[in-house]
Structures are given as structure tokens and as C-alpha cells.
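Residue-level listing of the chains:
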Amino acid sequence: MTTRLCRTFQTAPAAVPRENTAKYLDSGLDATGFAKPDWLVPDIEDGTAPDMKSEAVENVIDRLPETDFAGEVWPRVQWGYDSPAFREAGTEQIDTLVREVGDEIDGLVIPKVGRLPDVERVAEIVAESEATYGYPTGSVEIALIVETPGAKSDLREIAALGRGPDLEPSRDDSAAPETTPDDPEPTADDRLDRLAGLIFGPVDYTAELGGREIAGERPAWESLLVDLSNEASANDILSVGGPFDRLFGERAGVRFYNGDAYAEQVTREARVGLDGSWSLHPKQTVQANRIHTPSPEELARDVDRIERFQSARAEGTGAVTVDGTMIDEATYRNFANTVETVTSIHERAPAQPEELYDEALLARALDLDTGY
Amino acid sequence: MTTRLCRTFQTAPAAVPRENTAKYLDSGLDATGFAKPDWLVPDIEDGTAPDMKSEAVENVIDRLPETDFAGEVWPRVQWGYDSPAFREAGTEQIDTLVREVGDEIDGLVIPKVGRLPDVERVAEIVAESEATYGYPTGSVEIALIVETPGAKSDLREIAALGRGPDLEPSRDDSAAPETTPDDPEPTADDRLDRLAGLIFGPVDYTAELGGREIAGERPAWESLLVDLSNEASANDILSVGGPFDRLFGERAGVRFYNGDAYAEQVTREARVGLDGSWSLHPKQTVQANRIHTPSPEELARDVDRIERFQSARAEGTGAVTVDGTMIDEATYRNFANTVETVTSIHERAPAQPEELYDEALLARALDLDTGY
Amino acid sequence: MTTRLCRTFQTAPAAVPRENTAKYLDSGLDATGFAKPDWLVPDIEDGTAPDMKSEAVENVIDRLPETDFAGEVWPRVQWGYDSPAFREAGTEQIDTLVREVGDEIDGLVIPKVGRLPDVERVAEIVAESEATYGYPTGSVEIALIVETPGAKSDLREIAALGRGPDLEPSRDDSAAPETTPDDPEPTADDRLDRLAGLIFGPVDYTAELGGREIAGERPAWESLLVDLSNEASANDILSVGGPFDRLFGERAGVRFYNGDAYAEQVTREARVGLDGSWSLHPKQTVQANRIHTPSPEELARDVDRIERFQSARAEGTGAVTVDGTMIDEATYRNFANTVETVTSIHERAPAQPEELYDEALLARALDLDTGY
């Protein structure tokens, strides 16, 4: 069993006013070890100045065919449920990117979507470009930034766009797509399976609700993150937390990377089942990759528990107690999750688990049959 | 850009057994400075004794034409999704108030509503009185106390009654109201745009769920407040927190106004984007008005940030960093919210910002163009 | 007014590899005083080893006709929205239990349900067995473990299966069941009123969302518990918190029952209106029964408040202030809840309130008319 990874969703401005306007994009594509993000998101939206949007698109088109970046690449285009101008600009960016690098990108990140009809609108635009340029239906996925009250209100229906027809419980047959493979015309059902993930956007969200930072404290939106995690899991898609923009702190005259606060945010996100965290900086990528990777202690503990459980069950007892806790299938699956995540990371980025775990432990983990 | 204000939702018993039975109503209407509520709510429901309901209605009818109160006036009538007697009494109160002071009130506060059909039922009753006495459709708004599990369960559909036909994303045309202007008969669509706000009612809500105060601690219902703020924002209506009834504390023999605890509740509400807080006392009104008004430090900081951002952008750089934080349109809108709220307060109650801010800062704020 | 009690939902493995394989089942059935659970749940699912499932069913069939256990009995059968094998096993267990002890059980606990159609599927299976063996429609109830993202996503629709046709606001007449009493064929509406409760299952839930225990801390899922409490109350069914499996702690060389941590969990659950807590051990049953029972101080306080309120109102004042808090109908109902719960416990298990309260206080409570 493997797991699709998005431990890190690293945005990089796709064009900046430097000599090399693709400086941050290049830096993301060239990162190694734990600084390599699972998803690199060339940001054509808020990270790029209004007069550099075209150059941002050009940089993506220029760099992607050249790179041997092993993660997924997801450009963020412009969009806005309440802005015809942003939607028009975004539609053009989508069309250009699919035409030029439809093979090189894994999908497109769409910000500021509103209610379900707005999401369906953007999904159809992607489907049209995909059909126009001859790509297979669904090959260009989308991931949505959830950052408006309308998107939150319709979250359940929006997330359901990610449910593939082969999942349990199956959709009613009468609703199943009837696609004619030779017909390039997109249908309403082309959007099925196109949605790959939901990402939280707290800054826009707070502004849209009229929320405020008071006494240095911002709203944490904990229940929203739980809802995001739930709806993503219910539809077998990914969920990712929001950016942490206080990159640096200063105290008593010393300026320093704000590593504690970011790590705490990522930890809270991992605990409630978000698959990954947003990164704005290579140091954040290192931390988020590490936290969303089982620690050596966790891996050792869960490998050990699985081995002891399997031995105990081989002896025929039903309810097995390990470390004072009764293990049933539910408990067991928590342990299995740990091992399966490590297996997936090893398949995708072997350097990371090899750096993190001792050789014998990693071998035991990769060797386990995690079926119950 | 202006914002509809409801920083304070102050209930006042509309009739009490004193020589002047309208004592608290008069006190609310005559309040000045920060003690003046944005919304004054003459309470004909739980704040008025059963045998004084008629006098309560009479007091409202008597005082409103005389007053020069500059805020909004929203009488709270009786209602109950589970009580035919309360609905009958409420229907008569609605009819009397619309007939006698339909021009003087801004709307009616409806408590203890249940699921969507119960809300539609009360909206139709208001529409009928409105039509009977010749007021324009939608001129008498309603605001709902959310305090039953049914109303919470249907919150999304209930809040959607507040969505006007001109909002983005627009409603499907096939669902648009087809009103014949000359026809006084109310239709199902008359309720559209009638809903102005959602107010939380924690005491009834806790009782209906069977919740309990244990070890001096009551449930905080944080996720419900976030949902209320979200659904209100998604439909462009107001949201308000619940009352704080521990008006006075006592410690070591001294009784005192419980100002710290109330201020903390109001702060939590402001943080998650509730537009206002419930007040039971002029001192609470002062505090809630102040907390839902940007502090001088916030205003100075955000005016400064907007000015620096606008200068930096005039020089052509895209991603601007201010105070170590990258500013994009999303971040910017948080700053703009601060300034726009102050502008609205100044238009409505100039004495408040003039008391709070120094003259030069206020002038800079009122002078800013907050467009991005 | 009485309240259906489920302060304690105690699971007991229905068969274990001991000389008496029904050891834990017998122990639950024979418990007395505060160790007697309101609901005893013979666990045929995760608590029983795969090779002992048949014996587990046999033990339930064997013991129930003999016992004089005064609480409700709810066997937990196997199920799984994503597992045809578990559903097949569960269907057979349901059929056998209804056939053999349909009169002795109060209902069946169904774990790992998915979205609404999966719940409807299991409800129909119960309806079929019920009809086949001649039991009245709805006599075998179901209670669901909410422990998958699909069940959480559809919680509102699932909980609505519990709404009886006579509740306010009434269902649309066109949707009302049209049953022909002589027709044994189950219809879609047979499931109405069959759903009696919702129980949280955090271990499976955490695994399904990919959540993790990090730094010894697990996700608390507070907003989910509030949603569970709300939807249960909106449909007049019961809600119960999840199990606490860290039965024993160890510190400085001493191993001890983890009574503080469990009591804190139960307290949080009681505060937000969950009707009961899950118990894995007689000591947990004692604690949960006690915490979900009003304390002597609470009962004395609320009896006193009701008596003072009734006296004050008899003197004609409207808004009565007791202990510095204004009492209206909403506040009053919180006090009445306390007294009504004690009355229900006294009807069901008189030994418990007689142990807990002094005789005079209990007499005053049982004597009160709690109507407003």
C-alpha cells in the first residue's frame, strides 16, 4: 500500500525583480534532501507582482522541461470568485500552461474559489484546455485554496468532486459518467477525479470573515482544519494547512528563524490528519517534511507493536494488550499508517528515510506486511 | 466602502415593574458616547414578565416616534419552534409593531427558531404584516437568535436566506424572484434579503443540548461561533455573540463589575470575525463598542502599513515585505478592514473615533484610498 | 418528564479465551450500584478474537434470558462500510441475535458505518430480521459508532433518521410513512425511529483521517463532539463519547488506575451535552455514572434556585435575579434539566441517588414540579 505524498506544499514566486527572475523557482527545483518539497508550487498569483505575471508564466514554461525535480509541480494561477478580471487572467494562464507544459505539471492550484458553482466553473475551464490540447481527461488535476466563507460553506459538496467512481461506497450507477472515449468534448463528469487536494488559506479567510489579530493573537480556525481533514479523507484526496508568514522573530536584539512556532503549527496539523503543511522557505520545508515523517521513535515503536501483535495473534489470543493498551483492528491501523507512510517516502525520496532511520530499523519496516 | 455596524446588540427589558416601566428602554435610547449601542433591542421576550408583555409593546410604540436615537432599533418578540402559544403571541406582537411603528424599527429579533421551515414561517408572517400595512417588501428585516440544535443543524440553509440576488456568485436565474410590483400578496421570495443577522443564544442552546456547567466552567461553543461567523460572511449578513450574564463578581468581600471576563469573551468573538457582541448593561456596551473598534495602535499600524505598501508598490516591486511579513492582496485586505471599519463608525457616531484617536491619525485614516 | 439514560456505554468482550468465556459479559450483567452501566454492550466486534465470534454470539444468546440486569443491552456486531466480509458476518450476527433474543436486547450497535446509504443498508437488514421473526417494526433499535470521515460528512442526514414523525417541526406530510400494519414487508420508512444513538469512535476515526499521536498528545476532536451532541439533540436521540484506553498509568515505579485523565474526558463530554461516556472497565463505569449524575452541590443549588425562582415569581416580578444572575425561561431550563435527570435515575436505579444525596434533598427534588 502506498500513499500519495504532500507533506510539503512549497510556494515560490515564479518571477521576482532580480537579475534571475526565476531565482526562487530555480531554488525550489534544485533543493535536495529534506529541503526538497513534495509539491513545488510556482506562484503566479499573490507572490508575483502584477507587472510580472507574463514573465512568471514564461519562467514556468522555460524551466519545467529542463528540470529533473522528482516531486510534483503545481503552478498557482490567478482566480477570484468575486473578480471577473482575476478569473479572466487565470483562464488565460491555465490555457497557456496546459498548452505549453501540460505534460510537465501535475496540476494547477486555484485560489479564492467561492461556492460549488465557482469550483465547477474553473474545473470546466481546465477540462476544456485539456481537451483542446489533446491530453487525457483528468490528467491535469486541480487543488483548491479554501479561503472564502462560500468555499467553507460548500466544503462537503466541493470535496465530493474528488471522489472517484471506484471508491466505497460506490456512487449510484445512474450518476456514473457515460464518457465516449473518442469524444473530445468535455462533459460535466470530466471534473470527476480532477480534484486532488484542499489547502487552507487563513489570511484571505480571516479578512473575508472580518476576523482580527488582537493582542498579538490570530484565530486558529481549528474546527475548520478538522473539517478540511475530514472531507478530504472522506473523498480520498489530500489536505494541507495554511502558510505561516512570521518567518523571523527578533528578541533582545537578535533576529532568528521562527522555528519553534512553525514546528508547533505543523505538529497541530499533522495530529488532526492533514497530509501536509504549507512552506514559504526551505527551512520550513525541512521542518514540515520531518514532522510529517514518522520519527525514529514512532517508527521503532509501531514496527515493534506490529511485530508483537502479529506474534501474539499467531498464538491465538483475541484481544491483545501491548504497552497496557488493548489492540484491535482500529488501533492496529494507526500503527500500520506509520509504516506505510515511511514506505511511500522511501519509494519517492529514499535519501530522506535513509538519513533519518538506522539501517536495521528501516529494513524491518520495509519488510513488514501491514495487512491486518 | 462602508460596513453595516452591529458592534453592540444591547437588549433592554421593554417593561419592568417600576414607576417608569420603560426605564431601561429610555436609558438605552438616551445613551451617549461609547455607551450608545449600535443596535438597541427592546426585549419583549424573556426580559419582560409574562403579565407585562402588552405594556412592553406599548412602551416601544410610545417611545420610538419620540426618540432621536441614531442607532438601529430591533424589538425582540416572543417565538418558539416548539411552542404554539409563543408563536401565537409573537405573531400578534409582530403585527402590532409593524402596524404602529413599521417606519421606526429596523427589524425584529426572533428567538428560539428551529429548522429552516420554522424560520420561513416567521419570515412569511413578517412579510404579511408588511404587505398589509403598505410597507415596501423587505423593509422590516429579521435577525435570528440561533439557540436550538435544529437551527444549528440547518444553519447553512437558514443563513442563505440572507443572500441578496445581486451577490457573487449569483443565484441561478431560474430561482430568481418573479415579483409583480403591483401585487401586494407576499410570495416565497419576499423573504429574500429580509434576514440581516444571526445572534448566538448560549443559555437556551446549552439547555437544549443537555450541556452543563461543571466545576464553574461552561461550554464555550467555539466551533459554533466560527460556523456562525462563516455562514454570516458567506451571505453578507451580520453575526453577533451571546450574552455574558455574570455581570458582577465578588472577591474578598468586594463586589465589582466583571469587566475582565466580559472583555475576554468579546475579544474572542472579534478575533473570529463576529461583527458584534451582546450587551446586557451600559458598561458592557462601552467595552464591546471599544473592542470591536480598532485600537489606536491597530489603526496607526495599519494606516502606516497601507501607506508604506502603496509607496513600495509605486516603486514597482511585487512582493513587499513590511515588518518582516510579506504583503499580498490577502494580507492587505486585513489592513484595509481596519480602516474601513473606522470610516463607518465615523459616519455613524463621530464622537467615538474622535474620542479614541488623535486628530492627525484619524485624518490620515479617513483620507486613505483603501483599494488594492 | 423523564429522560432516556445512557450515562455509561460499557463494552464487554462477549467471548474471551478463559475457562468461562463469558467472564466479562457476566461481570457486566452482575454489576451493582454505581458500577452498573446504563447500557451494557456485549462486544462481538473488535473485543472478540476472530476465532471466537460464534462463541460470542452464543454467550449473548445464553446469558440474556437468564439475567435480571435492569439496564439496556446492546450487542455490538461486526460491520464495515469498506468491507464486504465484515458486512456479511454482521448480517448473520444480526439475524441470529434477532431470531434468538430479539425480545431480550434493546438494540444493536453498528460500528464503522460510512455515508448515509451504508447506514440505510444496515437499517434495512435489521428491519428484515425483525419482520421475519415477527417483532413489531422499530422494536430492535440501532446505535451507530461514528468513526469514519464518510459518517461524519453525512452526520446531519444520518442523525435525521432518528427523528420520529411526531416531533416539532413535523415532517412534511407527503414524506410520512404509509404503512399497512398487516404487511410484513419492510419499507424504506421502517428505518424511521429505529436510530437511538450516536457514539464516537476516535481510534478508527483518527486512523481513517491519517491523524497521529505526537509528543504523547492525540487529537481531541472537540468540534466533532459538539456536532455529535447537536445532531443527536436536534433529532431527540442519544450521544456518547469515545473510549479512553489508557486504563492504567505508571509513575516512579507505581502502576495505578488512570482515574484523573478519564474523569477529565468525561467532564468535557458532559459539559457539551453528550448524554454519556464509553466505559471499558467497571471503575470507568463508576466514574462516568457519577459525573453524568448531578453532584449533590448541583442538585442542592438547582433545587434551591427553582424554589426561590418560583417564590419570586409568585410575588409577581418578571425578571428574577438569583445569585446575581437574571433568570429567564432559558436559564430556568438548565436548572430543570438537573432535577429531571435525577428523577430519571431514581426511577431506573434508585440505589444510586439514595447513595449520593442526603434524604431530605432527594425528597425535595423528587417533589418539585419543574414546569416553567
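As named in an unreviewed UniProt entry, chain A is Aldolase/citrate lyase family protein, taken from Salinirubrum litoreum. As its UniProt record puts it under Cofactor (unreviewed entry), chain A is described as follows: "Mg(2+)".

(A) Examining the sheet that holds strand β10 (residues 277–279) of chain B more closely. All names here are of chain B. Within the open sheet, the 4 strands sit side by side as β3-β2-β1-β10. Their pairing is parallel. Each end of this open sheet is capped by a strand with a single partner; those strands are β3 (72–73) and β10. As paired strands, strand β1 (residues 8–13) and strand β2 (residues 39–43) are joined by 5 bridges and run parallel to one another. Opposite F9, over in β2, you have W39 as the bridge partner.

(B) Structural view of the packing of aromatic side chains. All names here are of chain C. Enumeration over the complete set of coordinates arrives at 24 aromatic pairs over all chains. A centroid spacing of 5.9 Å and a plane angle of 55° characterise the contact between F244 and Y262, whose relative ring orientation is tilted. Remark: Y262 occurs in helix α9 (residues 259–271) and F244 occurs in the loop between β7 (238–240) and β8 (248–251); sequence separation between them is 18 residues. For F244, a relative accessible area of 12% translates into the label buried.

(C) The interface of chain C and chain B, seen in detail. Counting residues at the interface gives 36 residues for chain C, matched by 34 residues for chain B. Interface area, chain C with chain B, both sides summed: about 3100 Å², of which 48% is carbon and sulfur. Inspection of the region where chain C meets chain B yields 5 salt bridges. Residue B:R212 pairs with C:E298 through a salt bridge whose shortest N-O separation is 2.9 Å. Taken together, chain C and chain B are joined by 13 residue pairs in polar contact (both at pLDDT 80 or more). Sorting the residues of the side of chain C that touches chain B by element identifies α8 (222–234), α9 and α12 (329–348) of chain C as the ones contributing at least two each. Top element by residues in the side of chain C that touches chain B is α8(C). It accounts for 8 residues. Class assignment for the residues of the side of chain C that touches chain B results in 9 nonpolar, 17 polar and 10 charged.

(D) Region of interest: the interface of chain C and chain A. Listed by partner, the interface residues are 35 residues for chain C and 36 residues for chain A. For the pairing of chain C and chain A, the buried interface totals around 3100 Å² over both sides, and the portion due to carbon and sulfur atoms is 48%. Here chain C is connected to chain A by 5 salt bridges. In this assembly, chain C and chain A are joined by 13 residue pairs in polar contact (both at pLDDT 80 or more). At the level of elements, α3 (84–101), α5 (149–153) and α7 (202–209) of chain C are the ones that each hand at least two residues to the side of chain C that touches chain A. Broken down by element, the side of chain C that touches chain A gets its largest block of residues, 7 residues, from α7(C). Counted by class, the side of chain C that touches chain A contains 12 nonpolar, 7 polar and 16 charged residues.

(E) Representation of the relation of the copies chain C and chain B. If you rotate chain C by 120° and push it 0.0 Å along the axis, it lands on chain B with an RMSD of 0.0 Å. Both copies of the chain, as the preceding transformation shows, are related through a three-fold rotation axis. Among all residues of chain C, the one whose C-alpha sits closest to the rotation axis is C:S223, at a distance of 3.3 Å. Taken as a fraction of all interface residues of chain C, those also at the interface in chain B reach only 3%, which identifies the copy contact as different-surface.

(F) The nonpolar core, seen in detail. One finds A:L108, A:I110, B:L108, B:I110, C:L108 and C:I110 to be the most contacted residues of the largest nonpolar core, which totals 171 residues. For B:I110, the contacting residues outside a window of four places in its chain are B:V77, B:W79, B:I94, B:V122, B:I142, B:A143, B:L144 and B:I145.

(G) Helix α9 (residues 259–271) of chain B, seen in detail. Residues and elements named next belong to chain B. Its 13 residues place the ends of α9 18 Å apart at the C-alpha level, agreeing with the 18 Å of an ideal helix rising 1.5 Å per residue. For α9, the secondary structure elements touched by its buried residues are β9 (254–257), β10 and α10 (282–291). Of the residues flanking the end of α9, it is G273, one or two places downstream, whose phi is positive at about 90°.

(H) Quick look at the relation of the copies chain C and chain A. Laying chain C over chain A is done by rotating through 120° and shifting 0.0 Å along the axis; what remains is an RMSD of 0.0 Å. When the interface residues of chain C are mapped onto chain A, a mere 3% of them are again interface residues, pointing to distinct binding faces.

(I) Structural context of the environment of A:S83. Along the chain, the position of A:S83 falls in the loop between β3 (72–73) and α3 (84–101). Placed 29 residues apart in sequence, A:S83 and A:K112 show a C-alpha to C-alpha distance of 9.6 Å.

(J) Examining the pattern of salt bridges more closely. Applying the stated criterion across every chain yields a total of 84 salt bridges over all chains. With a shortest N-O distance of 3.7 Å, C:E217 and A:R271 are connected by a salt bridge. Linking C:E217 in the loop between α7 and α8 with A:R271 in helix α9 (residues 259–271), this pair reaches from one chain into another. For C:E217, a relative accessible area of 44% translates into the label partly exposed. By relative accessible area, which is 9% here, A:R271 ends up buried.

Calculation notes
All chains use their own residue numbering, which begins from 1 and follows the written sequence. Going through the entries in the order they are written, you letter the chains from A and number the ligands from 1. Where local features are concerned, this predicted model is filtered to residues with pLDDT of at least 70; where side-chain atom pairs are given and counted, the filter is 80 or more; whole-chain, interface and lining totals use all residues. Values reported for side chains reflect all heavy atoms of the structure, with hydrogen atoms and water molecules removed beforehand. UniProt positions are given in the numbering used here, feature names are shortened, and annotations may be inferred rather than shown by experiment. At least two bridges found by DSSP between two strands is the condition for calling them paired. Working definition: helices are DSSP H or I runs of at least four residues, strands are E runs of at least two. Numbering for both runs from the N terminus. Each Phe, Tyr or Trp ring (for Trp, its six-membered ring) is paired with any other whose centre lies within 6.5 Å, and the angle between the two planes then decides the class: stacked below 30 degrees, edge-to-face above 60, tilted in between. Residue exposure (1.4 Å probe, protein chains only): buried if accessible area is under 20% of the type maximum, exposed if over 50%, otherwise partly exposed. Any two residues whose heavy atoms approach within 4.5 Å at even a single point are treated as in contact. Accessible surface is computed with a 1.4 Å probe, and the buried area is the amount of it that two parts give up when combined, taken over both parts together. When a carboxyl oxygen of Asp or Glu lies within 4 Å of a side-chain nitrogen of Lys or Arg, that pair is called a salt bridge. The definition of a polar contact used here is a pair of N or O atoms within 3.5 Å, where within protein one atom must be able to donate a hydrogen and the other to accept one, and adjacent residues in sequence count solely through side-chain atom pairs. Under the grouping applied here, Gly and all other residues not named as nonpolar or charged are polar, the nonpolar ones being Ala, Val, Leu, Ile, Met, Phe, Trp, Tyr, Cys and Pro and the charged ones Asp, Glu, Lys and Arg. Least squares is the method used to superpose the copies, on C-alpha atoms of residues holding a pLDDT of at least 70 in both. Within this scheme, the nonpolar core is defined by two criteria: the residues are buried Ala, Val, Leu, Ile, Met, Phe, Trp, Tyr or Cys, and they are joined through side-chain atoms within 4.5 Å. By this rule, a helix spans an expected 1.5 Å times one less than how many residues it contains.

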